[in-house]
2 protein chains.
Amino acid sequence: METVMERECSALGGLFQTVIGDMKGSYPVWDDFISKASKLQSQLRTTVVAVAAFLDAFQKVADLATNSRGGTRDIGSALTRMCMRHRSIEAKLRQFSMVFLDCLINPLQEQMEEWKRVANILDKDHAKEYKKARQEIKKRSSDTLKLQKKAKKGRGDLQPQLDSAMQDVSDKYLLLEETEKQAVRRALVEERSRFCCFVSMLRPVMEEEMSMLGEITHLQTLADDLKTLTMDPHKLPASSEQVIVDLKGSEC
Amino acid sequence: METVMERECSALGGLFQTVIGDMKGSYPVWDDFISKASKLQSQLRTTVVAVAAFLDAFQKVADLATNSRGGTRDIGSALTRMCMRHRSIEAKLRQFSMVFLDCLINPLQEQMEEWKRVANILDKDHAKEYKKARQEIKKRSSDTLKLQKKAKKGRGDLQPQLDSAMQDVSDKYLLLEETEKQAVRRALVEERSRFCCFVSMLRPVMEEEMSMLGEITHLQTLADDLKTLTMDPHKLPASSEQVIVDLKGSEC
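What counts, and at which threshold
Residues numbered from 1 in each chain as written. Chains lettered and ligands numbered in written order. Predicted model: local features only at pLDDT ≥ 70, side-chain atom pairs only at ≥ 80, totals over all residues. Heavy atoms only, no water. Helix = DSSP H or I, 4+ residues; strand = E, 2+ residues; numbered from the N terminus. Rg over C-alpha atoms; globule rule 2.2 N^0.38 Å. Buried < 20%, exposed > 50% of the residue type's maximum accessible area, 1.4 Å probe, protein only. Contact = heavy atoms within 4.5 Å. Buried area = accessible area lost by both parts, 1.4 Å probe. Salt bridge = Lys/Arg side-chain N within 4 Å of Asp/Glu carboxyl O. Polar contact = N/O pair within 3.5 Å; in protein donor to acceptor, adjacent residues only side chain to side chain. Nonpolar A, V, L, I, M, F, W, Y, C, P; charged D, E, K, R; others polar. Least-squares fit on C-alpha atoms with pLDDT ≥ 70 in both. Axes fitted to C-alpha atoms, helices over the stretch in contact; angles between N-to-C directions. Parallel < 35°, antiparallel > 145°, perpendicular 65-115°, else oblique. Left-handed = near helix turned anticlockwise from the far one by under 90°. Phe/Tyr/Trp six-rings, centres within 6.5 Å; stacked < 30°, edge-to-face > 60°. Core = buried A, V, L, I, M, F, W, Y, C linked by side-chain atoms within 4.5 Å.

## Let's talk about the overall build of chain A
Along the backbone of chain A there are six helices and zero strands. Starting at the N terminus and walking to the C terminus, you meet the elements of chain A as α-α-α-α-α-α. Scaling as 2.2 N^0.38, a compact globule of 252 residues should have a C-alpha radius of gyration of about 18 Å, whereas chain A reaches 37 Å, well beyond that. Principal-axis analysis of the C-alpha atoms gives chain A an extent of 140 × 25 × 20 Å. Within chain A, buried positions represent 45% of all 252 residues. The contacts of chain A with a sequence gap of at least 6 include a subset with a gap of at least 24, amounting to 86%.

So, in structure tokens, the structure goes:
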């Protein structure tokens, strides 16, 4: 009986150690995540700058088409709309890179200190409780053993005392098992809550990412407009022919 | 009559010069566009590398959750799905940056040489035709003037000859006007076809951009899954409690 309970408690203690060990061993993975996320974030920040400069240049091309004397104002307007839509995408990208830093990278970095602190406390508290409980069990067990020896030598009726002592050891084992289960549960909750915390930091980032989608959907119509307008490059639209007619009229 | 036609032809010539001038003056704008597009493209290329490294690190975090002894396998799977979807987005981004270079930047750079060549030919041809036509008109006009002087002095009946000469000048003006109109039309078509060409190069780039959209739409479900799984960090799922039960079973 004692051996079975002993084994169960050891197994629970072992599981606790594995979970705590997993958590303590995970810091390099989290550190690497933060490092790669930071690099990506700074990359996104410079990309936003490049996008802004590109859109300035794109708008100038659109202005060329809009301001030409010939009939390319229609293409110019469509290009300008396309450029403006991309300004919104640029703003979303800028927002995304900020949220990436403010809602994920920085809080996760801070959170890791807390994680380390909590894992150490869990470990220390568990070790203390475990040691104390084991010592008590050891003491009661040795008391029981002494009683058993006495009983064998037949000195008076020690059976009631012996029964009570054995029950005491058994109770202590049950208590230890319950304590160990609670410790394992605390460790598992701590481990799970880390990932929950990570996901909660990830969520605003994903939301920003998905909100870029709203901007991209509008692109299809603009792309279709541009396609229609530029379908036949060698046919001047009525507006261009009008330029020639107007010129004649104004000079006559 | 002559003055009106003269003015019309000059106006058409002026419009032609404006359009050609606009085209020739636009090269710095196109050069700037190509330069900014190239910078953005190289920025995108390094961003793809940073995204790839980030996703590697992200996958390791997902693996932590999947491989832990406690019950976070569900979160690990959801994180892995999220990571895989982003691998597709990474691939689309890589494709986008390649198409940006191969379908827009490089062809536009080459096209500009052709644009310069064509604008110069249009300009030269027009100048030659215009000069030739003006010289002929000048010659016929001066012939007509001589005939008019002769007619005033009353030397014979020159009226039929004079009428024919004046008709001739008028015809030449009409021809010049038609020639000028054609030249303007050619210039306008050339100008418009530049923008059409630009849009045709832009289209595959926009298509790649929009196809990233298809990937982002799938994110919503994954984000919702993660939210549900991590809603209550302090409640262990049945699978985690099972870990404890299984442990007891295996040790008894």
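## Digging into the interface of chain A and chain B
Many authors give the size of an interface as the accessible area that is lost as the parts come together. In this assembly, 83 residues from chain A lie in contact with 83 residues from chain B. It is A:Phe54, A:Arg192 and A:Phe195 that lose the most area in chain A upon contact with chain B, and together they represent 10% of the buried surface on that side. Residues B:Asp74 and A:Arg192 are paired through a salt bridge, measuring 3.0 Å at the closest nitrogen-oxygen approach. Applying the counting criterion to the chain A and chain B interface returns eleven residue pairs in polar contact (both at pLDDT 80 or more). Those elements giving two or more residues to the side of chain A that touches chain B turn out to be helix H1 (2-25), helix H2 (27-67), helix H3 (73-152), helix H4 (159-217), helix H5 (219-229) and helix H6 (238-251) of chain A. When grouped by side-chain class, the residues that make up the side of chain A that touches chain B number 47 nonpolar, 16 polar and 20 charged.

## Concerning the relation of the copies chain A and chain B
Between the two copies, chain A and chain B, the superposition gives an RMSD of 0.1 Å; the rotation angle is 180° and the shift along the axis is 0.0 Å. Overall, the copies show the geometry of a two-fold rotation axis. No C-alpha of chain A approaches the rotation axis more nearly than that of A:Leu213, which lies at 3.0 Å. When the interface residues of chain A are mapped onto chain B, 100% of them are again interface residues, pointing to one common binding face.

## Digging into the side chain of B:Asp123
By secondary structure assignment, the location of B:Asp123 is in helix H3 (residues 73-152). Looking at B:Asp123, its side chain comes within polar contact range of the side chain of B:Lys24, at 2.9 Å.

## Observations regarding the packing of H4(A) against helix H4 (residues 159-217) of chain B
Contact geometry of H4(A) with H4(B) gives a least axis separation of 10 Å together with a crossing angle of 135°. Between H4(A) and H4(B), the crossing angle belongs to the class labelled oblique. The interaxial crossing formed by H4(A) with H4(B) has left-handed handedness. Between H4(A) and H4(B), the residues in contact are A:Glu209, A:Met210, A:Leu213, A:Ile216 and A:Thr217 and B:Glu209, B:Met210, B:Leu213, B:Ile216 and B:Thr217, respectively.

## Details of the packing of aromatic side chains
On inspection of all chains with the given rule, the structure shows 20 aromatic pairs over all chains. Seen in terms of ring centroids, A:Phe54 and B:Phe33 are 5.2 Å apart; in terms of plane orientation they differ by 45°. Their pairing is tilted. Placement of A:Phe54 in helix H2 and of B:Phe33 in helix H2 (residues 27-67) is noted, with the two residues assigned to different chains. Under the relative-accessibility criterion, B:Phe33 is labelled buried at 1%. With 5.8 Å between their ring centres and 10° between their planes, B:Phe96 and B:Phe100 make a pair best called stacked. Of the two residues, B:Phe96 and B:Phe100 are both situated in helix H3; the distance of four residues between them amounts to about one turn of the helix.

## Topic: the side chain of A:His86
Take A:His86: it is sitting in helix H3. On the accessibility criterion, A:His86 (15% relative accessible area) is buried. With near-sequence residues (within four places) excluded, A:His86 lies in contact with A:Leu55, A:Leu219 and B:Glu209.

## Description of the nonpolar core
If you look at the biggest cluster of nonpolar residues, it comprises 100 residues, and the most contacted ones within it are A:Phe198, B:Phe33 and B:Phe198. Elements that contribute at least two residues to this core include exactly H2, H3, H4 and H5 of chain A together with H2, H3, H4 and helix H5 (219-229) of chain B. Apart from the residues within four sequence positions on either side, B:Phe33 is in contact with A:Phe54, A:Ala57, A:Phe58, A:Val61, B:Leu104, B:Leu108 and B:Phe198. Counting residues in each nonpolar core, the second largest holds 17 residues, with A:Leu15, A:Phe16, A:Leu188 and B:Leu247 among its members.

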